[in-house]
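Listed below are the residues making up each chain.
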Amino acid sequence: FTQEKERQDGILRDENCRALLDILRGEMDRPGGGERTICAPLLLAGLHMLARASEACAALRENAGLTAVLPALHCMAQRYAEPLTVPELAALCHLSESYFRSLFRKHVGSTPLAYLTRMRMLAAAEALRDTDKPVAAIAADSGYADLSAFNRQFNRFYGLSPRDYRRG
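Residues numbered from 1 in each chain as written. Predicted model: local features only at pLDDT ≥ 70, side-chain atom pairs only at ≥ 80, totals over all residues. Heavy atoms only, no water.

## A few points about the environment of valine 86
Applied cut-off: A run of H or I in DSSP counts as a helix once it spans at least four residues, and a run of E counts as a strand once it spans at least two, with each numbered from the N terminus. Between two residues, a contact is recorded if the distance between any of their heavy atoms is within 4.5 Å.
Note that valine 86 resides in helix H6 (residues 86-92). On a C-alpha basis, the gap between valine 86 and threonine 111 in space is 9.5 Å, while along the polypeptide they are 25 residues apart. Contacts of valine 86, omitting those with residues within four sequence positions, involve Glu97, Phe100, Arg101, Pro112 and Leu113.

Right, dumping it as structure tokens:
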């Protein structure tokens, strides 16, 4: 029991682990957050970090690449509806753009913009399912100023127009 408590205390004292846990907690507390697949990379990363963290430092070394892109993941989770660029996300992580892209793809499994688009599409689909908001308002809430661009992207992502998706 004492060893386990010391291990947990070490993990929770580590600022990167605390940041990851705060992001996970925030995502899970959002309406529908526990069911959203946009949480999957964060959840997997968190579980991986905590499961393998017999010593906090060892886990951080092993997951240094993921830890490095956490500020971008947090930013995207909070600000997915805003115009975000790869250079801006890389700067948040204090990485060059090319290294950021490489780490992000390796540890998250997609490019930063593909991940951001997925977050936007999942949020839009949820709004189409759960609200009566007009499609144009949902497009704007999801980060699309141009309704036709939103419709094209939604159709590419789901194979249906937003209106057909809503009809279900």
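And the narrative resumes.
## Re the nonpolar core
The condition is simple: By nonpolar core is meant a set of buried Ala, Val, Leu, Ile, Met, Phe, Trp, Tyr and Cys residues that side-chain atoms within 4.5 Å join together. Between buried and exposed lies partly exposed: a residue is buried under 20% and exposed over 50% of the maximum accessible area for its type, with that area taken using a 1.4 Å probe on protein chains only.
Core analysis: the largest hydrophobic core is formed by 24 residues, its most contacted members being Val69, Leu73, Met76, Phe100, Phe104 and Tyr115. For this core, the element with the highest residue contribution is helix H5 (residues 64-79), accounting for eight residues.

## Quick word on the packing of H5 against helix H7 (residues 97-108)
Threshold: The axes used here are C-alpha line fits, helices contributing only the stretch in contact, and every angle between their N-to-C directions lies in the interval 0 to 180 degrees. Every angle not falling under 35 degrees, over 145, or within 65 to 115 is termed oblique; those three ranges are roughly parallel, roughly antiparallel and roughly perpendicular. Classification convention: Asp, Glu, Lys, Arg as charged; Ala, Val, Leu, Ile, Met, Phe, Trp, Tyr, Cys, Pro as nonpolar; all other residues, Gly among them, as polar.
Between H5 and H7, the shortest axis-to-axis distance is 9 Å and the interhelical angle comes to 90°. The orientation of H5 relative to H7 falls into the category roughly perpendicular. Residues Gly65, Leu66, Ala68, Val69, Ala72, Leu73 and Met76 of H5 pack against Phe100, Leu103, Phe104, His107 and Val108 of H7. A per-class count over the contact of H5 with H7 returns ten nonpolar, two polar and no charged.

## Quick notes on the side chain of threonine 117
Residue placement: threonine 117 occurs in helix H8 (residues 112-130). Accessibility expressed as a relative area gives 18% for threonine 117, which makes it buried.

## A word on the confidence of the model for the protein
Spelled out, the test is: The score called pLDDT rates the predictor's confidence residue by residue, from a low of 0 to a high of 100.
When the pLDDT values of the protein are averaged, the result is 80; 64% of them are 70 or greater. Here helix H1 (residues 2-13) is the element of the protein with the lowest mean pLDDT, 50, and H6 is the one with the highest, 97. Contacts of residues 1-8 to residues separated by more than four positions or lying in other chains number three contacts, the stretch itself having pLDDT below 50.

## Thoughts on the pattern of salt bridges
What counts here: What counts as a salt bridge is simple: a side-chain nitrogen of Lys or Arg found within 4 Å of a carboxyl oxygen of Asp or Glu.
Inspection of the entire model under this criterion finds five salt bridges. Residues glutamate 97 and arginine 101 are paired through a salt bridge, measuring 2.9 Å at the closest nitrogen-oxygen approach. Here the residue glutamate 97 and the residue arginine 101 both occupy positions in helix H7, the gap between them amounting to four residues, near one helical turn. For glutamate 97, a relative accessible area of 35% puts it in the partly exposed group. Judged by relative accessible area, which is 37%, arginine 101 ranks as partly exposed. Shared partners join several salt bridges into a network, and the residues in it are Arg79, Glu82 and Glu88.

## Things to note about H8
Given 3.6 residues per turn, any residue in an α-helix points the same way as the ones three and four places further on. The criterion, for reference: One less than the number of residues in a helix, times 1.5 Å, gives the span that helix is expected to have.
The first and last C-alpha atoms of H8 sit 27 Å apart over 19 residues, in line with the 27 Å expected at 1.5 Å per residue. Counting buried residues in H8 gives 14 out of 19 residues, a clear majority hidden from the surface.

## Structural notes on unusual backbone geometry
One non-glycine residue with positive phi stands out, namely histidine 94, at about 60°. Here histidine 94 lies in the loop between H6 and H7. Using a relative accessible area of 72% as the deciding quantity, one classes histidine 94 as exposed.

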